[in-house]
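A closer look at the structure
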Amino acid sequence: MATIKQINANRKNALFSKGPKTDLGKLNSSKNSLKHGLTAKQLVIGEDLNEFEKYRDHMIEALKPEGILEEQVVFKIIDVGFRLRRIGGIEAGIYNQEILHHELDEYKQKMAEKIEFKDQELVQSSDRSINLKGLAFARDCKYGSAILKLNTIEDKLMNKYYRQLDILKMMQEGRYDLEK
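It should be emphasised that the depicted structure is a prediction, and the values quoted were computed from it without experimental measurement. (Residues numbered from 1 in each chain as written. Predicted model: local features only at pLDDT ≥ 70, side-chain atom pairs only at ≥ 80, totals over all residues. Heavy atoms only, no water.)

As for its position among the elements, glutamate 70 is in helix H5 (residues 67-113). Within polar-contact distance, the side chain of glutamate 70 engages the backbone nitrogen of glutamate 66 at 2.8 Å. When sequence neighbours within four positions are dropped, the list of residues in contact with glutamate 70 reads Lys64, Pro65, Leu168, Met171, Gln172 and Arg175. (Helix = DSSP H or I, 4+ residues; strand = E, 2+ residues; numbered from the N terminus. Polar contact = N/O pair within 3.5 Å; in protein donor to acceptor, adjacent residues only side chain to side chain. Contact = heavy atoms within 4.5 Å.)

As enumerated under the stated definition, the model contains four salt bridges in all. Note that aspartate 79 is salt-bridged to lysine 76, the shortest N-O span being 4.0 Å. Separated by three residues within a single helix, aspartate 79 and lysine 76 lie in helix H5, roughly one turn from each other. Judged by its relative accessible area of 14%, aspartate 79 is buried. Residue lysine 76 is classed as partly exposed on the basis of its relative accessible area of 32%. (Salt bridge = Lys/Arg side-chain N within 4 Å of Asp/Glu carboxyl O. Buried < 20%, exposed > 50% of the residue type's maximum accessible area, 1.4 Å probe, protein only.)

Structurally, glutamine 172 can be placed in helix H7 (residues 146-179). Given the relative accessible area of 15%, glutamine 172 is considered buried.

The subject of this paragraph is the confidence of the model for the chain. Confidence in the prediction for the chain averages 74 pLDDT; 66% of positions are at 70 or higher. At the level of individual helices and strands, the chain shows its lowest average pLDDT in helix H3 (residues 32-36), which scores 44, and its highest in helix H4 (residues 49-63), which scores 92. This model gives residues 33-40 a pLDDT under 50, and the stretch forms 16 contacts once residues within four places in sequence are excluded. (pLDDT = per-residue confidence, 0-100.)

In this section: H4. In a regular helix each residue adds 1.5 Å, so 15 residues correspond to 21 Å; H4 covers 21 Å between its end C-alpha atoms and thus fits that length. Within H4, burial applies to Phe52, Tyr55, Arg56, Met59, Ile60 and Leu63. All buried residues of H4 project into a common sector of 130° when viewed along the axis, lining one side. Of the exposed residues in H4, the ones pointing more than 90 degrees away from its buried face are Asn50, Lys54, His58 and Ala62. Where H4 starts, the residue carrying a side-chain oxygen 3.0 Å from the main-chain nitrogen of asparagine 50 turns out to be aspartate 48. Taken from the residues just after H4, lysine 64 is the one with a positive phi, measuring 45°. (Expected span 1.5 Å × (residues − 1). Arc of directions from axis to C-beta.)

The next thing to look at is unusual backbone geometry. Residue lysine 64 is not a glycine yet carries a positive backbone phi of 45°. Checked against the element boundaries, lysine 64 lands in the loop between H4 and H5. Note on lysine 64: relative accessible area 48%, which makes it partly exposed.

Okay, the packing of aromatic side chains next. Scanning the model with the defined rule gives three aromatic pairs in all. Between tyrosine 161 and tyrosine 162 the ring centres are 5.4 Å apart and the planes differ by 90°, which places this aromatic pair in the edge-to-face class. On the basis of relative accessibility, which here comes to 15%, the residue tyrosine 161 falls in the buried class. Overall, tyrosine 162 belongs to the partly exposed group, its relative accessible area being 45%. An aromatic cluster of three or more residues is present, and its members are Phe52, Tyr55 and Phe82. (Phe/Tyr/Trp six-rings, centres within 6.5 Å; stacked < 30°, edge-to-face > 60°.)

Structure (structure tokens):
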């Protein structure tokens, strides 16, 4: 905890700082909160922080928020947009897990008999691949409907995403109307 002497010194020093003076300095400092508004807390293990930051920065540049309210809307758009980007990978993971479980069941005896494992593709033809995807989908429907749940989540995220874009658009149009 700061002492009374430190608090008084901080107050005295704060009087000397008036913030940025030039237009460029003001522009740069206005973006400070944007850099820290979204953190790695929203990433899933295995996701690349640099990829997220690049996505965030591109979205901020494209949406050009001004003021705290627009920034909050843009943060929500970024959050929902990044979550939407996960959907395809999750769906592929669901199918891959089901296919691998089936392949393991089918080849369990063969693998147990062989100590050496030669380079062998688990899925050998596109027809087999299609069959395995169908099997994975059927298993998913029977045991948990992960794909259905994932699609429901995707729909809800899409609705949130476009609703936030509409809100931002209205805010920005209102801002431009006031400037005229």
